[in-house]
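What follows is the residue order along each chain.
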Amino acid sequence: MKRYLNFVKGNWIFALLSAVFVLVVVYLEIELPLITAKIIDDIIPNIESMGNLAELRHQILLMLVYSFAILLLGFLAARCAAIASLGFTANMRIAIFNKVQDFSFDNIDKFTTASLITRIINDTNSVQMVFSTFLNFFIKAPLTLIFACIEARRISAELSKVFWFVIPIIVAVFMIMAVIVVPKFRIMLEKTDKFNKTLQENFLGIRVVKSFVRENKEKDKFNEANNGLYHATMAAQKIMMLNLPILMLVLFGCMIYTLWNGSIQIYDFAGQEGALEIGTLTAFTSYISSVITSLMTFTMIFITMVMARASIKRVNEVLDEKPSVTDENADKSLKVTDGSIEFRNVSFKYSSEAEKNVLENINISIKSGEIVGVIGATGSAKTTLVSLIPRLYEATGGEVLVSGRNVKDYTFENLREGVSMVLQNNVLFSGTIKENLLWGNRGASDEMIEEACKIAQAHEFISEFADGYETKLEQGGVNVSGGQKQRLCIARALLRAPKVLIFDDSTSAVDTATDTKIRDGLASYLPDTTKIIIAQRINSVKHADKIIILDDGKIVGVGTHDELLENSEIYKEIYISQQKGALAQ
Amino acid sequence: MSNTTPDVSENNAVTAQETAPTEKKKLTFKQKILRAIAKKMRKMMDIPEGEAKAPAKPKENKNKPKNAKKTFKRLFGYVMKSKALFALVLLLVIGAALFSVASTAINEPIVNLCQKVLDVNNRMSRGDFIQQIALWLGLMMGLSIVSALANYGYSRIMLQISQRTMRIIRKDLFDHIQGLPVKYFDSQKKGDIMSRFTSDVSAINNIVNEGMTTLLSSGVTLIATVAMMLYYSPKITLILFASLIFIVIVVLVISVLSAKQFAKYQKAMGSCNAYIEEYIRGQRVIKLFSYEEKNKQDFAALANNLRRVGIGANTITGLLMPLMTFITQVNYAICALFGATMIITSGGTAMNAGRLVAYLSYSKSFSSPITSIASQFTSLMQALAGAERIFEIMDMPHEIDEGNVKLVKVVKDENGSYTECDDYGWVYAWKVPLIEGEYVYTEVKGQVEFENVSFGYNEDKTVLKDINIVARPNEKIAFVGSTGAGKTTITNLVNRFYDIQEGTITVDGIDIKAIEKDSLRGALSMVLQDVNLFSGTIADNIRYGRLDATDEEVVEAAKIANAHSFISRLPKGYQTEITGDGGNLSQGQRQLLSIARAAVADPAILILDEATSSIDTRTEALIEKGMDRLMENRTVFVIAHRLSTVRNSDQIMVLEHGEIIEQGNHETLIAQEGKYYQLYNGLYELD
């Protein structure tokens, strides 16, 4: 809650102003019927005897001034409320987005990218709905309720006793209704999810559906989801709908009761000082409807909040998440000066509850400028191992050192300036090829870009594009092929000119011949940079100074290609299977 | 774009086609020349084609229907599916509105009674007064209860009608979409199709559930109110009509302004969401390149822009209610002043106090129905625009399916003639109709021939040129070639996901266009690179290949695919629920399931994309074994990535730029020392 108050920060004044304006508006709205009452009770019945309009004009002028004030203040209140509520949302969106920026890989893994996106886009919207409903009605409803009750009491203490019955009855009815209806709404939301999932699966798998001629089966499946949604919605809405007649009957009951008692009072006390008159009685009835509508608003807010509770919870989960790796204690002046790397008794597991370590007792020492290959089956923790170097994950045991210092001593920016990595699932952003390459080095000249692209074997295909380096990439780089994307990502990393460069299976979609060319280019480019290459194909790492074989999170072999062929059974097994494996090797 | 069609995306074929639907029509000679000139000029000026086209396309307003009347009629047809109920609703709405106006009318006699008794010296007895008041209040109570019940009645019925309407529209839309060609799915973003089912349908719901009755009841209320006002004082009412015009103008101006602002807001929201989607997806890269701070700034700018535009939109909308209250009061003032003047000048003949009071109470309820009508106007436009988008899809033609050859199960008797039945020993056969209701049966063998086949995703750009292939039963045909050569495209043609523009494809000697689509697809299966599984158990997913497969057959298929061992190790075995498109299985395991799915279908012809790029060597070995067993005893078209597949193939097609440049088996192609030879020796790029 406190956090959400914080999001109003900077807009408090508008939220307050809005509240003040609403206060005045509500007051004026409550007073307005009294002027009308005066006109009806005192002026119009006597207008003939008065013979002039002076008094009427006076009251009407007052009425118009009131209504103009309502117009003006109502408008200002709406504007202030808009500023406050949209400011609130903007602050909340920025806060959650920034929070994600500070997430480490762990945190992202935990939430998954897709869920983070829904949380930032959809859930913040739901929370905004609650806030703006809150701002628009939550102040107005109770104020109207209070003012109307006070004014009604002033008109007739006797008649206003009706509220003592009405308010508890309505509150009770709504409470019961809410208790019944909320679980039904939950079911409805579940059915909506199921409906959407059915659609999504069908659209994604349409080739499968059509090739097995399963359109009818799919239609049946959809029907089930569609009917489920229909019945769940009906079940919830049917009950909600009962609100309407109950409310109307209560309202009419009150009105008639009041008119009945009121008229009798008018008769009995006619001509006495301060007696009830018909105009004031009409004003009184208008307060009854104000009271009942404001009570109804409470239920509306309540329902909105219940519906959004799941969203609030999901937003909170993100905001409450602590970045699992931080650089708070880093030495800001420390920079990576060479490419030496050392793992000392490193172990790692993804979650503290996990029983088994993903990496176990890893000891490696890599000299600056070496080329190191990492090989092992899927699940042997190759990616995990190298992720510890740029501190994408934090070693749970032991130490990882880069250029002689623990990675924890560097700020993220300095560490990742020195250690660059080409990820397995790499991403390009919408924008030109050049803009994407500049991510590597914001100050890179055209010559530098071209050189890096030549090494990454990307220059040739880029030049073939009509717009060359200015070619626009679509979101996710869908307009270049997998192999081209990988080469662009390599070029982007090369431009950093880091001390350590890690390739995580980053040429899997590149053919062998090109792969070889990239490897040859790398050998001479940035000669002082340590290069770590994770690969599926032995050919990609054959010429490395050192090859590390991982199996089930443990190092089972280190050496050159020739050494390993002699000493390592696993290495030999992989090598032989690959020799008779893929085409073009 | 999905990865299933890399060839498509590389050629930008589908997207280009989408923006130029007119180009599908046959062009006259003159048009062709003009187009050629335009193309050349564009090239000279270095304008990419898409950009040159863009300004010509009129900006579409998302909330504005193009043909409101037609769409409304059609939409109304859906609502009217329950005619009797709808008639009842009409009755109830009118009744409720009239009763409610009538119960307001009772105020007048009560006011008059109360006014009369104020004169203490000359008044009726208390008993008479109470009796009369009771009479009126009783009547009022009766009218109110009836009106409340009628109100509930029609709302409840409309809830039913609107929910049913939504259900029917969703069903019709889905059923129709299932019949659309694959091209439609390739050219649309999945999210866009989804929003037809969600936001567009709910826009329709808004107007059906609430809008229609609100419009109707506001209309009736307005007319009844005006009638009462005319009855009490035609003169003042005429003056009020002037103010009516004013109200309408105000409401219209505000609606238009707020619609504009909201369109801006939607746009800002769109770009904000697109940013979130793209950059959260790329979060890992952002961290690696330390771009967090820059992103924070960029996003803050977008979010603040959204805020600014949103404030504008909400302010204008917020203006409407206070403004309407104000106008109501002004009306009241005008009526009071004018009425009072009439009383004075006419000396109580043209107007008296009681009438004026009653009149004033009506003048107050004069503007609220107008506001309701106006507020429904925007929803109506949104609903019609949504309905139009839905109907647009419903009007799209289904896949062309003019074939009349059916796939049937037959048993061959001693004389060599076939009878349709699925007794023991049945085989599949094509049932070819002759004239006069006669049929001839041809056994399904799996002979597939391509004769001079040319194809392009749009007519401008040919992807496959003059392809000739003869695949004899049980042969294995391998396609090799670099990305964009047209390998995947071939898999789209035999099953008629896309129709070829030139040439013929035959299966067992029958033109595939003559075969019923369902029958054609029933005779072939595909295993694609991108695996799509469905929510349900593993057994359900395998059984997707053949719905009547027994449990034993499912297990058998899983064994063929090498999937049995991992399935058995799962705690629930074949009954394991697959969630979120198989998220709880590894990539390799999902691929094995898709192989099992094809195995259980046991097709005569198999199309296989065997790419296994992102799978480790051990899993790959498993998948390869599964694929090898699957390929036995059927005609197979395989996009080959493995040397062993290629080498064991009966025919190898080397594709380049949509043409078969070399064709033959491994030995002959090696002997040719051409492109295949180069590929084989790793001299040529292949990705």
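Residues numbered from 1 in each chain as written. Chains lettered and ligands numbered in written order. Predicted model: local features only at pLDDT ≥ 70, side-chain atom pairs only at ≥ 80, totals over all residues.

Some words on the overall build of chain B
Part 1: The helix and strand inventory of chain B stands at 25 helices and 16 strands.
Part 2: A buried classification covers 43% of the 687 residues belonging to chain B.
Part 3: Long-range contacts, defined here as pairs at least 24 residues apart, represent 76% of the contacts in chain B between residues at least 6 apart. (Helix = DSSP H or I, 4+ residues; strand = E, 2+ residues; numbered from the N terminus. Buried ≥ 20, exposed ≤ 12 C-beta atoms within 10 Å, placed from the backbone. Contact = placed C-beta atoms within 7 Å.)

A word on the overall build of chain A
Part 1: Each helix and strand counted, chain A has 20 helices and 12 strands in total.
Part 2: The C-alpha atoms of chain A give a radius of gyration of 36 Å, which is well past the 25 Å a tight globule of 585 residues would have.
Part 3: If you line up chain A on its principal axes, its C-alpha atoms span 120 × 55 × 50 Å.
Part 4: In chain A, buried positions account for 46% of the 585 residues.
Part 5: Considering only contacts in chain A between residues 6 or more positions apart, those separated by 24 or more positions represent 79%. (Rg over C-alpha atoms; globule rule 2.2 N^0.38 Å.)

Structural notes on the environment of L428 of chain A
Part 1: When you line up the elements, L428 of chain A lands in the loop between β6 (419–422) and β7 (431–432).
Part 2: Spatially, the C-alpha atom of L428 of chain A lies 33 Å from that of S365 of chain A, the residues being 63 residues apart in sequence.

What to know about the domain arrangement of chain A
Part 1: When cut into domains, chain A gives domain 1 (1–156) and domain 2 (341–552).
Part 2: One C-alpha centre belongs to domain 1 of chain A, the other to domain 2 of chain A; they are set 55 Å apart. (Domains from an automatic or database assignment.)

A look at the sheet that holds strand β9 (residues 500–504) of chain A
Residues and elements named next belong to chain A.
Part 1: In space, the 6 strands of this open sheet follow the order β6-β9-β10-β3-β11-β12, with mixed pairing throughout. The open sheet terminates on both sides in strands that have one partner only, identified here as β6 and β12 (554–559). The average angle at which neighbouring strand axes cross in this sheet is 15 degrees, direction not considered.
Part 2: When strand β3 (residues 371–375) meets strand β10 (residues 530–534), the two strands line up parallel, connected through 4 bridges. If you follow I371 over to β10, its bridge partner there is K531.
Part 3: Contacting β6 and β9, helix α17 (residues 482–494) crosses the sheet at an angle of about 175 degrees to β6. (Pairing = 2+ DSSP bridges. Axes fitted to C-alpha atoms, helices over the stretch in contact; angles between N-to-C directions.)

What about the pairing of strand β7 (residues 476–480) of chain B?
If a strand is regular, its side chains alternate between the two faces of the sheet.
All names here are of chain B.
Part 1: Burial within β7 is extensive, with 5 of its 5 residues counted as buried.
Part 2: The two faces of β7 match: K476, A478 and V480 on one face and I477 and F479 on the other face are all buried.
Part 3: Across 4 bridges, the pairing between β7 and strand β15 (residues 651–656) is parallel. If you follow F479 over to β15, its bridge partner there is M653.

What about the sheet that holds strand β1 (residues 406–412) of chain B?
In a beta sheet, neighbouring strands are held together by backbone hydrogen bonds and run either parallel or antiparallel to one another.
Residue and element names in this part refer to chain B.
Part 1: Spatially, 4 strands are ordered β2-β1-β3-β4 in an open sheet, and the strand pairing comes out antiparallel. For this open sheet the edge positions go to β2 (418–420) and β4 (439–443), each flanked by a neighbour on one side alone. Put simply, the sheet's adjacent strands are angled 50 degrees from each other on average, direction ignored.
Part 2: Taken together, the 5 bridges between strand β3 (residues 427–433) and β4 define a ladder with antiparallel strand orientation. Across the sheet, the residue bridging to A429 is E443, located in β4.

A few points about the confidence of the model for chain B
Detail in the predicted coordinates should be disregarded across regions flagged by low pLDDT.
Residues and elements named next belong to chain B.
Part 1: Averaged over every residue, the pLDDT of chain B is 80; residues scoring 70 or more account for 86%.
Part 2: In this model, residues 1–60 is a region of pLDDT below 50 whose contacts with residues beyond four sequence positions or in other chains number 57 contacts.
Part 3: Across residues 683–687, confidence stays below pLDDT 50; counting only partners more than four residues off in sequence or on other chains, it has 21 contacts.
Part 4: Across the interface, the model reports ipTM at 0.81; the global pTM reads 0.74. (pLDDT = per-residue confidence, 0-100.)

Some remarks on the interface of chain A and chain B
Part 1: Facing the 117 residues of chain A at the interface are 126 residues of chain B.
Part 2: Residues that form the side of chain A that touches chain B fall into these classes: 69 nonpolar, 31 polar and 17 charged. (Nonpolar A, V, L, I, M, F, W, Y, C, P; charged D, E, K, R; others polar.)

Looking at the nonpolar core
Part 1: Of all hydrophobic cores here, the largest spans 335 residues; its most connected members are V374 and A491 of chain A together with I204, A561 and A596 of chain B.
Part 2: The element that contributes the greatest number of residues to this core is helix α4 (residues 54–101) of chain A, accounting for 22 residues.
Part 3: The residues touching A491 of chain A, leaving out its near neighbours within four places in the chain, are L437, A452, C453, A456 and A458 of chain A. (Core = buried A, V, L, I, M, F, W, Y, C linked by C-beta atoms within 7 Å.)

Quick look at helix α5 (residues 68–79) of chain B
Residue and element names in this part refer to chain B.
Part 1: Compared with an ideal rise of 1.5 Å per residue, which puts 12 residues at 16 Å, α5 spans 16 Å between its outermost C-alpha atoms and is within 8% of the ideal.
Part 2: All buried positions along α5 are accounted for by T71, L75 and V79. Seen end-on, α5 carries its buried residues on one side only, within an arc spanning 85 degrees. The outward face of α5, more than 90 degrees from its buried face, is lined by the exposed residues K69, K73 and G77. (Expected span 1.5 Å × (residues − 1). Arc of directions from axis to C-beta.)

Brief notes about helix α16 (residues 487–494) of chain B
Residues and elements named next belong to chain B.
Part 1: With 8 of 8 residues buried, α16 is to be regarded as a mostly interior element.
Part 2: Listed in full, the buried residues belonging to α16 are K487, T488, T489, I490, T491, N492, L493 and V494.
Part 3: Downstream of α16 by a residue or two, R496 has a phi angle that is positive, lying close to 60 degrees.

Describing the pairing of strand β11 (residues 546–551) of chain A
Residues and elements named next belong to chain A.
Part 1: β11 sits mainly inside the fold: 5 of its 6 residues count as buried.
Part 2: The sheet contact formed by β3 and β11 spans 4 bridges and is parallel. Bridging across to β11, I375 finds its partner in I549.
Part 3: The pairing of β11 with β12 spans 5 bridges and is antiparallel. Following the sheet pairing, I547 is matched in β12 by G559.
Part 4: The turn joining β11 and β12, which pair antiparallel and follow one another in sequence, is formed by 2 residues; a positive phi near 50 degrees is taken by D552.

What to know about the packing of helix α6 (residues 113–138) of chain A against helix α11 (residues 234–281) of chain B
Part 1: Between α6 of chain A and α11 of chain B, the least distance of the axes is 9 Å, while the angle of their chain directions is 155 degrees. Of the possible angle classes, the one that applies to α6 of chain A and α11 of chain B is roughly antiparallel. Crossing handedness for the pair α6 of chain A and α11 of chain B: right-handed. Of α11 of chain B, the residues touching α6 of chain A (which contributes T113, L116, I117, I120 and I121 of chain A) are N273, I276, E277, I280 and R281 of chain B. (Parallel < 35°, antiparallel > 145°, perpendicular 65-115°, else oblique. Left-handed = near helix turned anticlockwise from the far one by under 90°.)

A closer look at the environment of A303 of chain B
Part 1: Tracing the backbone through its elements, the reader meets A303 of chain B in helix α13 (residues 292–346).
Part 2: According to the C-beta neighbour criterion, A303 of chain B is buried, with 24 such atoms within 10 Å.
Part 3: It is 9.7 Å that separates the C-alpha atoms of A303 of chain B and N273 of chain B, two residues lying 30 residues apart in sequence.
Part 4: Aside from chain neighbours lying at most four places away, what touches A303 of chain B is A90, R93 and I94 of chain A together with C272 of chain B.

Description of the environment of L215 of chain B
Residues and elements named next belong to chain B.
Part 1: Looking at the element boundaries, L215 is found in helix α10 (residues 190–232).
Part 2: With 19 C-beta atoms counted inside 10 Å, the residue L215 sits in the partly exposed group.
Part 3: Counting along the chain gives 158 residues from L215 to I373, while the straight-line C-alpha distance between them is 5.5 Å.
Part 4: Not counting residues within four places of it along the chain, the set of residues in contact with L215 comprises I373 and Q376.

Structural notes on the packing of helix α7 (residues 107–116) of chain B against helix α8 (residues 126–178) of chain B
Residues and elements named next belong to chain B.
Part 1: The geometry of α7 relative to α8 is characterised by a closest axis approach of 10 Å and an angle of 165 degrees between their N-to-C directions. Considering the angle they form, α7 stands roughly antiparallel to α8. Relative to α8, α7 is oriented so that their crossing is left-handed. Contacts between α7 and α8 involve P109, I110 and L113 on the former and, on the latter, F129, Q132, I133 and W136.
Part 2: Residues that form the contact of α7 with α8 fall into these classes: 6 nonpolar, 1 polar and no charged.

Some remarks on unusual backbone geometry
Part 1: Phi angles above zero are rare outside glycine, and N345 of chain A is one such case at about 50 degrees.
Part 2: Residue class for N345 of chain A comes out exposed when judged on the 12 C-beta atoms lying within 10 Å of it.
Part 3: Phi is positive for D508 of chain B, close to 50 degrees, though the residue is something other than glycine.
Part 4: Residue position: D508 of chain B is located in the loop between β8 (502–507) and β9 (510–511).
Part 5: Of the residues examined, D508 of chain B has 21 C-beta atoms within 10 Å and is grouped as buried.

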